[in-house]
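Listed here are the chains, written in short residue letters.
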Amino acid sequence: MMVAFLFSCAGDEADPEKGDEKRISRKAEIMMDKRYIQPYANAQLNAFCPATLQAEGELAGKITFNETEIPGGTQFLYLLDNRRAVVDFGLALFCVDLERQKTLNFYRKSSNAFIRAAEGPWFFYVSSFRLVRAEFDRVNVNDDGFFVPGLGEFSFLACFSPEEETFIAGIHNLGAPDQPVPSFEVYRKKYDALDYIWRLEIPGGVLTPPIDRTGQVILAASNIVSVVNNEGKKKKIIGGDFEVLSASVGPDDQLYMVLLFEDGKKLVAYDLFGEKKWACNIDLEELVQPPVVNDLATVYLVEKNGLTAYAEAKNLWHYPLLSGHPAVTAINDGMVVIADGSRLVCLDELGEERWVYVDKEGDNFVSPPVIDDRGQVLAASDKKIIILK
């Protein structure tokens with residue numbers, strides 16, 4: 001079976017010309033898929049989509065996808081293309097035909113795992129703890145799927161990266177109710193195999209791990225950050241007296257983390273060899289998504305009541321938010337688009353409002369906004385998908 005995979009590229013070679021080729025390859029890879037393919041846009045968790053905005057905040061349409069009010073709640077919205085949308089609704093998923101403005105069907109999925117867009121009209125989801133590769137127009141609910149070791153009633157899928165013949169998965173194990181001892185396991189396995197190619201188990205908890213574009217898994221725990229390479233070899237890159245509160249890998253292949261030290265919180269940028277690039281003190285409350293990073297290396301920290309932009313240790317600007325549960329996506333030209341309750345907001349690189357859409361029907365948009373190939377903005381509430389042109 002052929003499945004979508006991430007092209008790998010190793011670190012820069014000693015030869016400068018080869019290093020330039022690698023950097024060009026990385027830049028080209030960023031531009032390969034402009035879609036929002038998994039939670040927080042990609043496996044790096046940076047919420048950056050290399051899409052160009054054309055929308056000016058005008059309503060182009062609304063589609064009611066949850067007509068029967070199935071219980072649950074919208075988690076994320078994915079566009080496979082300009083016609084096909086998939087809504088992750090926790091215990092269910094909806095396949096929505098945007099052109100016909102109708103829901104083709106809804107299907108049961110495991111609430112402890114997320115959806116991952118694949119190539120063309122294909123996507124991955126988990127049902128009854130089995131990994132299913134589905135085609136949008138022909139979802140086969142009787143597909144046996146693939147075995148995902150460790151995924152069960154008391155665990156959840158933390159990271160997932162499909163490759164051509166194998167996949168990488170990270171599982172948070174919460175422990176049994178009578179013995180709630182958490183652990184984390186990360187592994188690579190073939191889709192049809194029962195056993196692993198390699199597997200690592202880490203006692204205790206780790207932060208939801210970003211996976212860089214070479215397939216390295218970044219494991220951040222108390223006082224230590226490690227990298228697991230393609231062969232399953234783990235290497236410590238950062239150590240100290242800190243707690244990791246949030247982490248993502250930017251399009252520039254740097255690791256951005258919010259760390260809690262004894263004297264307060266810091267936003268810190270490292271390369272993936274553990275060399276610190278910059279750091280700045282921050283005074284923010286609870287963050288609601290990993291650091292958002294665009295292709296200009298601007299970092300946005302999203303808290304319940306505001307969005308703050310940073311660049312190389314400088315606080316650039318702050319924008320207040322209203323809903324208490326915002327969701328942010330970064331796109332080309334230094335812009336961000338925000339779902340903020342009944343508002344959708346577009347800010348430019350200076351933090352100025354490009355436009356603000358306020359929904360007259362009072363729908364609350366909870367999914368991060370996505371951009372289609374025509375530069376339109378889409379977001380989902382628990383019942384509807386809105387399209388802005």
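Here the structure is shown first, and the text comes after it.
Calculation notes
- Residues numbered from 1 in each chain as written.
- Predicted model: local features only at pLDDT ≥ 70, side-chain atom pairs only at ≥ 80, totals over all residues.
- Heavy atoms only, no water.
- Pairing = 2+ DSSP bridges.
- Helix = DSSP H or I, 4+ residues; strand = E, 2+ residues; numbered from the N terminus.
- Axes fitted to C-alpha atoms, helices over the stretch in contact; angles between N-to-C directions.
- Phe/Tyr/Trp six-rings, centres within 6.5 Å; stacked < 30°, edge-to-face > 60°.
- Buried < 20%, exposed > 50% of the residue type's maximum accessible area, 1.4 Å probe, protein only.
- Patch = residues over 30% accessible without salt bridge, like charges linked within 9 Å, V, L, I, M, F, W, Y side chains within 5 Å.
- Areas by Shrake-Rupley, 256 points an atom, 1.4 Å probe, with all protein chains shown as cover.
- Salt bridge = Lys/Arg side-chain N within 4 Å of Asp/Glu carboxyl O.
- Lys, Arg positive; Asp, Glu negative; His and termini not counted.
- Charge placed at Lys NZ, Arg CZ, Asp CG, Glu CD.
- Core = buried A, V, L, I, M, F, W, Y, C linked by side-chain atoms within 4.5 Å.
- Polar contact = N/O pair within 3.5 Å; in protein donor to acceptor, adjacent residues only side chain to side chain.
- Contact = heavy atoms within 4.5 Å.

### Some words on the sheet that holds strand 2 (residues 76-79)
Within the open sheet, the four strands sit side by side as 2-3-4-5. Their pairing is antiparallel. For this open sheet the edge positions go to strand 2 and strand 5 (102-108), each flanked by a neighbour on one side alone. When the angles between neighbouring strand axes are averaged without regard to direction, this sheet yields 20°.

### A short note on the packing of aromatic side chains
All told, the structure shown has 18 aromatic pairs when counted by the stated rule. Note on F65 and F89: the rings are 6.2 Å apart at their centroids and 80° apart in plane angle, and the pair reads as edge-to-face. With a gap of 24 residues between them, F65 in the loop between strand 1 (59-64) and strand 2 and F89 in the loop between strand 3 (84-88) and strand 4 (92-97) connect regions that are remote in the sequence. For the pair F65 and F89, a shared accessibility class is recorded, and that class is buried. Taken together, the ring pairs in this structure connect F124, F146, F160, F167, Y187, Y191 and Y196 into an aromatic cluster.

### Observations concerning the sheet that holds strand 15 (residues 224-228)
Pairing within the open sheet is antiparallel, and its three strands lie in the order 14-15-16. Across the chains shown, the open sheet's two edge strands, defined by having one partner strand only, are strand 14 (217-221) and strand 16 (234-239). Within the sheet, the average angular offset between the axes of one strand and its neighbour, ignoring direction, is 25°. Here strand 15 runs beside strand 16; their pairing, made up of five bridges, is antiparallel. Counterpart to I224 in the pairing with strand 16 is G239.

### Considerations on a negative patch on the surface
Taken together, the side chains of D241, E243, E262 and D263 make up a negatively charged region of the molecular surface. Judged by relative accessible area, E262 falls into the exposed class, the value being 81%.

### Here we look at the pairing of strand 17 (residues 243-249)
Of all seven residues making up strand 17, five are buried, and the element is well covered by its neighbours. As consecutive antiparallel partners, strand 17 and strand 18 (residues 255-261) are separated by five residues, and within that stretch D253 has a phi angle of approximately 65°, a positive value.

### Comments concerning the nonpolar core
If you look at the biggest cluster of nonpolar residues, it comprises 35 residues, and the most contacted ones within it are V96, F123 and I385. Contributions of two or more residues to this core are made by strand 2, strand 3, strand 4, strand 7 (122-127), strand 8 (130-135), strand 30 (377-380) and strand 31 (384-388). Judged by nonpolar contacts, the second largest core, of 18 residues, contains L53, A55, A379 and I386.

### Comments concerning the side chain of Q254
Here Q254 shows up in the loop between strand 17 and strand 18. The class for Q254 is buried, based on a relative accessible area of 15%. At a separation of 3.2 Å, a polar atom in the side chain of Q254 contacts the side chain of Y256. Not counting residues up to four positions away in its chain, the partners in contact with Q254 are S248, V249, A269, Y270 and K277.

### As for the pattern of salt bridges
Going through the model one piece at a time under the given rule, you end up with 22 salt bridges. Among the ionic pairs, E135 bridges to R138, the shortest N-O distance being 2.8 Å. Overall, R138 belongs to the exposed group, its relative accessible area being 57%. Note that D253 and R213 form a salt bridge whose closest N and O atoms lie 2.6 Å from each other. On the criterion of sequence distance, the pair formed by D253 in the loop between strand 17 and strand 18 and R213 in the loop between strand 13 (198-203) and strand 14 is long-range, its members being 40 residues apart. Judged by relative accessible area, which is 17%, D253 ranks as buried. In this structure R213 comes out as buried when scored by relative accessible area, which is 7%. Here the salt bridges share partners, and the residues they tie into one network are D81, R83, R84, D97, R100 and D137.

### A few points about unusual backbone geometry
The backbone of F129 sits at a positive phi, close to 65°, despite the residue not being glycine. The residue F129 is located in the loop between strand 7 and strand 8 in this model.

### Quick word on the pairing of strand 15
Counted residue by residue, strand 15 has four buried out of five residues, so it is predominantly covered. Two elements, strand 14 and strand 15, share five bridges in a ladder whose sense is antiparallel. Following the sheet pairing, L219 is matched in strand 15 by S226. Linkage of strand 14 to strand 15, two consecutive antiparallel strands, is achieved through a turn of two residues, within which N223 is found at a positive phi near 75°. Counted between consecutive antiparallel strands, the loop separating strand 15 from strand 16 contains five residues, among which G232 sits at a positive phi close to 85°.

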